[in-house]
Protein chains: 2
Amino acid sequence: MDLDLIRSLAIPGTTKIVLLSSDGLGGFPHPDTGRSEMETARLPHLDALARRAACGLIRHVGPGITPGSGPGHLGLFGYDPLRYLVGRGVLEALGIDFDLRPGDVAARGNFCTVDGEGRITDRRAGRIPTARCVELVERLRTMRLAGVEVLVEPVKEHRFVLVLRGAGLSGHLSETDPQAIGQRPLPVRALAPEAEHTAKLVNAFVAEAARRLADAAPANMVLLRGFDQLPVLPRFPEVFALRAAAIAAYPMYRGLARLVGMDVVKTGGTFPEEVATLAAHWDAYDFFFLHYKDTDKAGEDGDFAAKVAALERLDAEIPGIEGLRPDVLVITGDHATPAVLAAHSWHPVPVLVAGRYAAADAVERFTERACGAGSLGTVPSHHLMPLVMANALRFTKFGA
Amino acid sequence: MDLDLIRSLAIPGTTKIVLLSSDGLGGFPHPDTGRSEMETARLPHLDALARRAACGLIRHVGPGITPGSGPGHLGLFGYDPLRYLVGRGVLEALGIDFDLRPGDVAARGNFCTVDGEGRITDRRAGRIPTARCVELVERLRTMRLAGVEVLVEPVKEHRFVLVLRGAGLSGHLSETDPQAIGQRPLPVRALAPEAEHTAKLVNAFVAEAARRLADAAPANMVLLRGFDQLPVLPRFPEVFALRAAAIAAYPMYRGLARLVGMDVVKTGGTFPEEVATLAAHWDAYDFFFLHYKDTDKAGEDGDFAAKVAALERLDAEIPGIEGLRPDVLVITGDHATPAVLAAHSWHPVPVLVAGRYAAADAVERFTERACGAGSLGTVPSHHLMPLVMANALRFTKFGA
């Protein structure tokens, strides 16, 4: 659905909407029990909510496609993730709360190991400790390139972010990472004429980085990929006519919310603190994006029991959210992270939409299988916000 | 699906199709009983039909979007309502059986109240009685503007239709209704260069209307919106290779059918009379669009019991329709009108497709929830006609 159409239908109102994204919510059956994390956890409040809500499954990008956190959340915000693209470099910068500005070119960096002939022997430099990454980044960030600022920020282990800041830059660049062992890093090529100048600057950065890291094996070279600039996205508060606040303990999710123009409100590092922040800002906003990270973290760690526990901790916070009496409460996730895969997956993710006009269906539990039989069916993620708007009585009729 | 593709597949045949649109068919559970209007009504004939039909839900425009009657019906006729748009002024003219001609510019008019300074105090002029509207329209329709005919027709209460007829007119005009109290009506602006002349004419009409209505408070001013001209739509009988007849007691639905080139046959004001009309014209047509209004009217009135009764009256007429032995009988609606909302809504609408090749599914009742589990799934409204064509064996194979 087109955002211009949404903009033309959105009307102001007094209703309150909470969109709770439990990161990596969906899971997969444990081989021993045949039950998924959601089917194993005791989730009395979520199940009760599912009984009085319309339920379904969210497919974020397309059949079989595993979404990253960026497209996963953009879809939940109502933006077709195949149409509104955010580069990896930009996402990496958002993930460390870097103040990326319009015109900046950002890239994901890896420290890597090269042999005497410059051939890659380890694309991740033996996953050096983050403290070492910080030291090596110090060597790079003092670099001077003509006409641009060179900003380098450590991320974690072998990962860093490179940002070039200056006039006339372009992110239309090829990657230096050949994605294979035994090959030399590739020179960056301009993928559009306006990127020729930026390509030269990046190649100069790489050459100088190789000199400065020559004695730093295993981290004696860099690989760069995902060059991009901040996209210009339609602003969520204007498209949906909602005063929108984001409450997220992790920088990546704050960054994504900021990218679409939501207000990012200050919150503590735990989910109970996030819920307290929600309560504190209840009157000031119409729409709240609330992010819960623990489900994804446990899934990524491949820790089935930890993911079950994370779900049960989430469940315990539901009464606090319901106590605020949102007109529409939506609970879903940005992608599945099954513990058995220890990674994001393509499986569609449970969703529940609770509200006076949502019409309960026969779903009795908030699980992958139960929601698969729900009345919402399996829907693209960017169809969720229009449905939420309707349930909040914030859409006018289309045509007379 | 593209109408050109449909046109290329449609083949003549001898089969008969009835598309029964029960306006505002879908509802919503009553808070006391948890059952919707369709779940409350006794519908033995519709339920029996559902048992031997393929069932599903129709989503008319998009997720969360509440369709007006225009897009609601265009979708049922096979036209993607987001692609084939009909303006409000045109719909209002169709709604009073006005003989709108190509090139005419139509607008919705409201009588309104303005204070001594010309500021709006009531956008609906206290909903003056229709008889008063007729009197005031008499004052306006004698107006002369250079080079065009000025046609003004009363609708109901404070509403009227303005039509300008002449050469070189355009409907690309802004509205005069500021949609707010305390402001002056806006001058009409041309939204395209070719509309400059029409804008001048409309502003002259408004100025003269203000003079003629000066002593007619509370109806001492007019507001105009939804300027548009008759759209040129592909002709239904040609696209689908069907001799198509529309049977509808209400002018709006006759107008919509005429807009796509269906024959509108004369009928009485009640649904049993419509069914008699259907029988009388059975041999002359291949396709019948049959419209039942009472379900929508009761829903709009917020009268749950009246909607239940309207459904039961519809059910009583089903044997009369089935007695004609249509090859394909489709029953659905143009949108939901839940009594609890007293308005159109975004909820998908039950549909049943009965025919020799439609394949019964497990659905046993013609209700929102039962049809939600039907084999058709939840489908866009403009996908229905291709399915109906196939069931009537009126589509040839695509590709060899």
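Residues numbered from 1 in each chain as written. Chains lettered and ligands numbered in written order. Predicted model: local features only at pLDDT ≥ 70, side-chain atom pairs only at ≥ 80, totals over all residues. Heavy atoms only, no water.

1. Considering the relation of the copies chain A and chain B
Thinking step 1. Note on the copies: chain A fits chain B at an RMSD of 0.3 Å, the axial shift is 0.7 Å, and the rotation between them is 121°. Accordingly, the operation relating the two chain copies is best matched by a three-fold axis. (Least-squares fit on C-alpha atoms with pLDDT ≥ 70 in both.)

2. A short note on the nonpolar core
Thinking step 1. Within the largest apolar cluster, 64 residues are counted, with the highest numbers of intra-cluster contacts made by A:Phe77, A:Tyr79, A:Phe236, A:Met262, A:Phe287 and A:Leu384.
Thinking step 2. Considering each element in turn, this core owes the most residues, six residues, to helix α14 (residues 384-391) of chain A. (Core = buried A, V, L, I, M, F, W, Y, C linked by side-chain atoms within 4.5 Å. Buried < 20%, exposed > 50% of the residue type's maximum accessible area, 1.4 Å probe, protein only. Helix = DSSP H or I, 4+ residues; strand = E, 2+ residues; numbered from the N terminus.)

3. Notes on the sheet that holds strand β1 (residues 17-22) of chain B
Residues and elements named next belong to chain B.
Thinking step 1. With mixed pairing, the eight strands of this open sheet are ordered in space as β9-β8-β10-β1-β11-β12-β2-β13. Each having just a single partner strand, β9 (263-264) and β13 (377-380) make up the two edges of the open sheet.
Thinking step 2. Sheet topology note: the strand β2 (residues 54-59)/β13 ladder contains four bridges and is parallel. Within the sheet, the bridge partner assigned to Ile 58 lies in β13 and is Val 379.
Thinking step 3. Its contacts with the sheet place helix α12 (residues 304-322) against β1, β10 (287-292) and β11 (328-332), and it is angled at close to 175° to β1. (Pairing = 2+ DSSP bridges. Contact = heavy atoms within 4.5 Å. Axes fitted to C-alpha atoms, helices over the stretch in contact; angles between N-to-C directions.)

4. Focus on the confidence of the model for chain A
Thinking step 1. Confidence in the prediction for chain A averages 96 pLDDT; 100% of positions are at 70 or higher.
Thinking step 2. Two numbers describe this predicted complex: its pTM, 0.90, and its ipTM, 0.88. (pLDDT = per-residue confidence, 0-100.)

5. Remarks on the sheet that holds strand β8 (residues 244-247) of chain A
All names here are of chain A.
Thinking step 1. Pairing within the open sheet is mixed, and its eight strands lie in the order β9-β8-β10-β1-β11-β12-β2-β13. Taken across any chain shown, the strands that pair with only one partner, and hence form the sheet edges, are β9 (263-264) and β13 (377-380).
Thinking step 2. Bridge analysis of strand β1 (residues 17-22) against strand β11 (residues 328-332) gives five bridges, and the strand direction is parallel. When the bridges of β11 are listed, Ile 17 appears paired with Val 328.
Thinking step 3. Most of the contacts of helix α4 (residues 69-76) go to β1, to which it runs at about 160°, and overall it touches β1, β10 (287-292) and β11.
Thinking step 4. Its contacts with the sheet put α14 on β1, β2 (54-59), β10, β11, β12 (349-355) and β13, and the angle it makes with β11 is roughly 160°.

6. Describing the interface of chain A and chain B
Thinking step 1. The interface of chain A with chain B comprises 19 residues on the first partner and 25 residues on the second.
Thinking step 2. Across the chain A-chain B interface, the total number found is zero salt bridges.
Thinking step 3. For the pair chain A and chain B, the number of links is three residue pairs in polar contact (both at pLDDT 80 or more).
Thinking step 4. Of the residues in the side of chain A that touches chain B, the class split is 14 nonpolar, three polar and two charged. (Salt bridge = Lys/Arg side-chain N within 4 Å of Asp/Glu carboxyl O. Polar contact = N/O pair within 3.5 Å; in protein donor to acceptor, adjacent residues only side chain to side chain. Nonpolar A, V, L, I, M, F, W, Y, C, P; charged D, E, K, R; others polar.)

7. Structural notes on a nonpolar patch on the surface
All names here are of chain A.
Thinking step 1. Among the surface-exposed residues, Phe 28, Val 340, Leu 341 and Trp 346 lie close enough to one another that they form a single nonpolar patch of about 350 Å² accessible area.
Thinking step 2. Topologically, Leu 341 is positioned in the loop between β11 and β12.
Thinking step 3. In this structure Leu 341 comes out as partly exposed when scored by relative accessible area, which is 40%. (Patch = residues over 30% accessible without salt bridge, like charges linked within 9 Å, V, L, I, M, F, W, Y side chains within 5 Å. Areas by Shrake-Rupley, 256 points an atom, 1.4 Å probe, with all protein chains shown as cover.)

8. Points about the pattern of salt bridges
Thinking step 1. One pass over the structure, following the stated rule, counts 51 salt bridges over all chains.
Thinking step 2. Residues B:Arg141 and B:Glu153 are paired through a salt bridge, measuring 3.2 Å at the closest nitrogen-oxygen approach. In this pair, B:Arg141 sits in helix α6 (residues 130-141) while B:Glu153 sits in strand β5 (residues 149-156), placing the two residues twelve residues apart along the sequence.
Thinking step 3. Salt-bridge contacts for B:Glu208 lead to B:Arg212; the nearest nitrogen and oxygen are separated by 2.7 Å. A residue pair is termed a helical-turn pair when its members lie 3 or 4 positions apart in one helix, as B:Glu208 and B:Arg212 do in helix α7 (residues 196-212) at four residues.
Thinking step 4. Assessed through its relative accessible area of 25%, B:Arg212 is described here as partly exposed.
Thinking step 5. Through salt bridges with shared partners, a single network forms among A:Glu92, A:Arg108 and A:Arg159.

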